[in-house]
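Below, each chain spelled out in residue letters.
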Amino acid sequence: CNCGPYGSCSFEYDIKRCNCKSFAVEKNGVCVDKGPSSSEGTTDSTTTSTIGSSTVQACDCGLGGSCQLDSSGEKICNCFSGYARYKGHCYECDCGSYGTCILESGIKRCTCDVNFAEKNGKCEYCSCGENSKFCRYNVLGEKECSCSSAYAQNRGYCEECNCGPYGSCSFEYDRKRCHCKSFAVEKNGVCVVMESTTLEGSTSTRTTVLTSTTQCKV
């Protein structure tokens with residue numbers, strides 16, 4: 001907040017205010033000397049010099065951008081590539097060629113293009129195949145895939161993996177694994193329901209695997 005050498009500066013309701021001395025007036029957000037009256041068609045060089053000098057001092061966005069004042073004297077920062085605006089200054093903020101960088105509460109955020117995700121502060125290519133919902137990198141820089149139903153992550157891509165309605169499916173060392181519910185067991189790569197019956201006059205239990213109720217129509 002700077003109104004030049006001929007006044008003090010303050011903010012009222014987030015609006016810059018210049019309190020100029022008695023011999024000065026506000027012009028373009030800076031207090032300038034009224035100076036002696038000049039005849040029409042002449043230029044007051046003192047006033048021009050004062051405005052130019054004060055404007056340079058009042059408008060600073062740092063080394064990462066250019067600065068200008070609008071018609072009301074408010075500062076505008078035009079940040080260079082690889083920098084972002086935060087609280088009236090341009091700070092280094094770069095997410096690479098495939099993303100946009102912003103500063104939120106002083107924290108860097110990357111908004112990456114399609115098929116790219118943030119990895120170590122840069123937007124890098126990230127794809128899990130056509131059967132994935134999205135791809136991202138965790139804090140260790142490892143790719144994580146969110147796969148569609150009946151698919152699971154294997155070697156960085158979503159591959160078909162289905163254990164039926166009574167279990168979930170995953171890959172371990174490139175091998176399909178079925179994680180069946182408590183009342184089901186795996187049979188031929190699918191989780192099927194068990195039916196337990198107690199034999200008459202015996203304490204032993206016989207377990208019968210029920211066939212799937214799903215039928216294929218020809």
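Residues numbered from 1 in each chain as written. Predicted model: local features only at pLDDT ≥ 70, side-chain atom pairs only at ≥ 80, totals over all residues. Heavy atoms only, no water.

Under the annotation held in an unreviewed UniProt entry, the chain carries the name Protocadherin Fat 1 and is attributed to Araneus ventricosus.

Any chance you could break down the state of the cysteines for me, citing the residues and the numbers?
Following the criterion strictly, the structure yields 14 disulfides and no others. Between Cys 3 and Cys 18 runs a disulfide, and the two sulfur atoms are separated by 1.9 Å. On the sign convention where negative means left-handed, the S-S torsion of about -85° between Cys 3 and Cys 18 marks this disulfide as left-handed. Of the two residues, Cys 3 is situated in the segment before strand 1 (7-12) and Cys 18 in strand 2 (residues 15-20); the sequence distance between them amounts to 15 residues. The two residues Cys 3 and Cys 18 agree in class, both being buried. The partner cysteine of Cys 161 in its disulfide is Cys 169, sulfur to sulfur 1.7 Å. Linking Cys 161 and Cys 169, the disulfide has an S-S dihedral of approximately -70° and is accordingly described as left-handed. In this structure Cys 169 comes out as buried when scored by relative accessible area, which is 17%. (Disulfide = S-S within 2.5 Å. Helix = DSSP H or I, 4+ residues; strand = E, 2+ residues; numbered from the N terminus. Buried < 20%, exposed > 50% of the residue type's maximum accessible area, 1.4 Å probe, protein only.)

So, the pairing of strand 15 (residues 151-154): which residues are in play, and what are the values?
A regular strand places its side chains on the two faces of the sheet in alternate fashion. Here strand 15 shows a buried face lined by Ala 152 and Asn 154 and an unburied face lined by Tyr 151 and Gln 153. For strand 15 and strand 16 (residues 157-160), the ladder comprises four bridges, and the chain directions are antiparallel. Of the residues in strand 16, the one forming a bridge with Ala 152 is Glu 159. (Pairing = 2+ DSSP bridges.)

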